[in-house]
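Descriptive structure summary
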Amino acid sequence: MTYSYALTQDTDWQSQASWQVADTPFMSFAFWQTLMDTEAIGGDSGWLPIFITVFQDKSAANDTKDIKEEATYKESMLVAVMPLFIKGHHRGEFVFDHAWAEAYARYGVDYYPRLVTSVPFTPITGQRLWLADGIELTPDILEAALAGVDNIAKQCSASSWHGLFVNDELAALANQLNQSAMSPQTIEQSLADSLAMESVTANSLPLLERQGCQFLWQNQNILKDSEPFADFDEFLSSLTAKKRKNIRAERKKVANQGINCRLKLGAHITSEDWAAFYHCYVMTYAVRGQQPYLSNDFFIQLGETMPEHLMLAQALDSSGEIIASSLFLYDDPDSPNATLYGRYWGSLGEFDSLHFELCYYQGIEFAIGQGLKYFDPGTQGEHKLIRGFVPTKTHSLHRIYDRRFIPAISDFCEQDRDYMARYRQEAHDALPFNVDNMPDFKG
């Protein structure tokens, strides 16, 4: 199959095809439009967006693969789009490559700009390409998109490309492409011969994989053939007696402070609710001397354009004043892997155990009530582990354009994968479930 790619900063491509439903709300066009309209990306944000559009040549009559740089629109069909950002910093990414930047600096080599494919400010695993209806992501389509990445890297002298929090499917396809790419060892040998190094094309560079760990709550009662939990108490019954006692004690501490919690779904979130939420959200950054990534207008527009995906948890003091808020997004409950996503939190003060209540326990109760299969509370935090969140593997992909650094970074990624595999195993062993309720370790 013959594929072409083109580069654009516009979103006109959205009207050129019918698109598959995104696997998370964060890859919906509405979410990305909100990022652009409120200048969370573009403008002076440091996230310069480019869209790599991939076309299939309608006249291709066989399986011969030929990636072309420019698409002939009248003879080609748009099949996929990959977002990409040109960046001069690492903020809002949650996969950290600061050590790589420091290594470049020690050798007097520029690490910036660098290229990133991700959902900005959102460490959520998922698709990283939009696919037209009826299209399956294949190695050839991914290779065409990466050819576009390589083109942009050449034009702006980027040091690297980073695909963050990609799903298992994309990570597996990257490994397939690596089977035909030149190995890091071969590239290292070629450095002795400048002519040989010049003969190495961008397409022959490997995709280096890093793996991480996030914690995911699973709505399954193993003692009842992995049926969803009936309620929060049934979930607690799957934990050891000590952990059940600890969680009940934390929830009681919140109540003893005269704090009540309530939930509001998107259509019922008022302008006053958004103002109170944003006040709390800003405070989370202010105590660290930082500016928030997202504006009040961003959240208001989310409420207007995708209310069916929003849940706002509020904590109120004894006088009825909102003292903390936590905003969640969630999938259609009828989707195959329907998930609740804990995203944005803030509090006006320090309240014992309130973060656990508003960000975790309220989310678990909501997921059970809605019949959602998973609850992803966000990145990092072993404190999630002891509350029943299961360690889960994450993937990121990396392309290094200066071949001198590939062997060392490749070794780092390999050692890091080994370390993270051991960490996930140790974290799994520390889960607070009863023996009969222990979920299987999935690596």
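Computed from a prediction, not measured in an experiment: that's the story for all the values here. (Residues numbered from 1 in each chain as written. Predicted model: local features only at pLDDT ≥ 70, side-chain atom pairs only at ≥ 80, totals over all residues. Heavy atoms only, no water.)

Turning our eyes to something else, we now look at empty space enclosed by the protein. In total, this model carries three cavities of 30 Å³ or more according to the counting rule given. Counted as a void, the largest cavity has a volume near 90 Å³. Taken together, Trp217, Gln218, Gln220, Ile222, Phe229, Phe235, Ser238, Gly388, Val390, Phe433, Asn437 and Pro439 form the lining of the largest cavity. Residues of the lining of the largest cavity, tallied by class, amount to seven nonpolar, five polar and no charged. Here the second largest cavity is characterised by a volume of approximately 60 Å³. What lines the second largest cavity is simply Gln127, Arg128, Leu129, Leu131, Leu137, Asn167, Glu169 and Leu170. Its residues assigned to classes, the lining of the second largest cavity comprises four nonpolar, two polar and two charged. (1 Å grid on protein atoms, 1.4 Å probe; cavity = no way out; pocket = protein on both sides within 12 Å on 5 of 7 lines; lining within 4 Å. Points joined across faces, edges and corners; volume = space filled by probe spheres on them. Nonpolar A, V, L, I, M, F, W, Y, C, P; charged D, E, K, R; others polar.)

Time to look at the pattern of salt bridges. Evaluated as defined, the whole model comprises eleven salt bridges. The partner of Glu234 in a salt bridge is Lys224, and the shortest N-O contact between them spans 2.9 Å. In this pair, Glu234 sits in helix H7 (residues 232-236) while Lys224 sits in the loop between strand S8 (208-218) and H7, placing the two residues ten residues apart along the sequence. Through salt bridges that share partners, Lys87, Glu93, Asp97 and Arg114 make up one connected network. (Salt bridge = Lys/Arg side-chain N within 4 Å of Asp/Glu carboxyl O. Helix = DSSP H or I, 4+ residues; strand = E, 2+ residues; numbered from the N terminus.)

Across a regular strand the side chains alternate sides, sitting on one face of the sheet and then on the other. With nine of eleven residues buried, strand S14 (residues 390-400) is to be regarded as a mostly interior element. In terms of strand pairing, strand S7 (residues 160-166) meets S14 through six bridges, oriented antiparallel. By the bridge assignment, His162 is partnered in S14 with His398. Of the strand pairs in this sheet, S8 and S14 are connected by nine bridges, and their pairing is antiparallel. Residue Leu216 lies in a different strand from S14, and its bridge partner there is Val390. (Buried < 20%, exposed > 50% of the residue type's maximum accessible area, 1.4 Å probe, protein only. Pairing = 2+ DSSP bridges.)

This brings us to the packing of aromatic side chains. Evaluation of the coordinates by the stated rule reveals 42 aromatic pairs. Centroid distance Trp13 to Trp130: 5.3 Å. Interplanar angle 35°. Geometry classified as tilted. You can see Trp13 sitting in the loop between strand S1 (2-8) and helix H1 (29-37) and its partner Trp130 sitting in strand S6 (residues 130-131), a full 117 residues away along the chain. As far as the burial class goes, Trp13 and Trp130 line up, both buried. Measuring from centroid to centroid gives 5.1 Å for Phe299 and Tyr344, while their planes differ by 80°, and the two rings are edge-to-face. Remark: Tyr344 occurs in strand S12 (residues 339-347) and Phe299 occurs in helix H10 (residues 296-305); sequence separation between them is 45 residues. By relative accessible area, which is 0% here, Phe299 ends up buried. Judged by relative accessible area, Tyr344 falls into the buried class, the value being 6%. It is Arg343 that lies over the ring of Tyr344; its NZ or CZ is 5.4 Å from the centre. (Phe/Tyr/Trp six-rings, centres within 6.5 Å; stacked < 30°, edge-to-face > 60°. Lys NZ or Arg CZ within 6 Å of the ring centre and 35° of its normal.)

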